[in-house]
Amino acid sequence: MSVNVNDDKAALRDKLDPQTYRIVCECGTERAFTGKYWDCKTPGVYHCVVCTAALFDSDTKYDSGSGWPSYYAPLSAAAVKERLDTSHGMFRTEVVCGACEAHLGHVFEDGPPPTGLRYCINSASLALVPR
């Protein structure tokens with residue numbers, strides 16, 4: 001799907017609930033332990049809520065204890081893009097959808113093997129397609 005969150009925010013405001021819009025279009029964050037997928041164990045593939053691109057497989061999901069869905073790897077190198085985030089006086093790596101650039105969350109270097117990465121993703125930016 002050739003949608004980009006920066007192209008038509010008015011249409012996305014009509015399509016998405018206010019929290020989802022704030023997260024994917026304005027780089028918001030949901031409160032820990034409140035998202036629908038933080039403790040979800042259903043096998044499947046997590047897709048972008050904006051453009052439906054496949055992002056993460058449940059096989060790479062793990063309990064990081066952070067309160068957000070966490071994955072040690074995206075579905076492919078092209079599934080997500082990374083950007084420097086210096087908001088709130090911090091230096092973090094933001095993760096956006098590789099297809100539409102919707103804000104997903106952040107990636108940290110404190111994850112499990114085999115990558116050592118923790119993709120900490122907002123539930124509101126995801127849609128699970130069960131196997």
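These numbers were taken from a predicted model, which means no experiment stands behind them. What you see as residue numbers is a count from 1 along each chain, following the sequence as written. Given that the model is predicted, a residue must reach a pLDDT of at least 70 before its local features are reported, and side-chain atom pairs must reach 80 or more before they are shown or counted; all residues, however, enter totals for whole chains, interfaces and linings. Remark: hydrogens and water are excluded; side-chain values derive from all non-hydrogen atoms of the structure.

Draft legend 1. Expanded view of empty space enclosed by the protein. Site definitions follow a grid-based scheme: protein atoms alone, a 1 Å grid, a 1.4 Å probe that fits but cannot get out for cavities, and for pockets an open set with protein on both sides within 12 Å along at least five of seven lines, plus lining residues having an atom within 4 Å of a point. Grid points are joined across faces, edges and corners, and a volume is the space filled by probe spheres set on the points. Following the criterion strictly, the structure yields one cavity of 30 Å³ or more and no others. Here the largest cavity defines a volume of roughly 40 Å³. The wall of the largest cavity is formed by Phe 33, Trp 38, Tyr 62, Asp 63, Ser 64, Gly 65, Ser 66, Gly 67, Trp 68 and Ser 70. Three residue categories are used. Nonpolar comprises Ala, Val, Leu, Ile, Met, Phe, Trp, Tyr, Cys and Pro, charged comprises Asp, Glu, Lys and Arg, and polar comprises the others, including Gly. Class assignment of the residues belonging to the lining of the largest cavity gives a composition of four nonpolar, five polar and one charged.

Draft legend 2. The side chain of Asn 122, seen in detail. Secondary structure elements follow DSSP: runs of H or I of four or more residues count as helices, runs of E of two or more count as strands, with numbering from the N terminus. By secondary structure assignment, the location of Asn 122 is in the loop between β8 (118-121) and β9 (126-130). Residues within four places of Asn 122 in sequence aside, it is in contact with Ile 23, Gly 28, Thr 29, Glu 30, Trp 68, His 103, Leu 104 and Gly 105. Residue contacts are defined here by distance: any two heavy atoms, one from each residue, within 4.5 Å place the two residues in contact.

Draft legend 3. Structural detail: the packing of aromatic side chains. Two rings belonging to Phe, Tyr or Trp (six-membered ring only in the last case) form a pair when the distance between their centres is within 6.5 Å. Interplanar angles under 30 degrees mark stacking, angles over 60 mark edge-to-face geometry, and anything in between is tilted. Scanning the model with the defined rule gives five aromatic pairs in all. Aromatic pair Phe 56 and Tyr 71: ring centres 4.4 Å apart, planes at 20°, arrangement stacked. Of the two residues, Phe 56 sits in strand β2 (residues 54-57) while Tyr 71 sits in strand β4 (residues 70-71), which places them 15 residues apart along the sequence. Of the two residues, Phe 56 and Tyr 71, neither departs from the other in class, the shared state being buried. Relative accessibility under 20% of the residue-type maximum defines a buried residue, over 50% an exposed one, and the middle range a partly exposed one, all with a 1.4 Å probe and only protein chains included.

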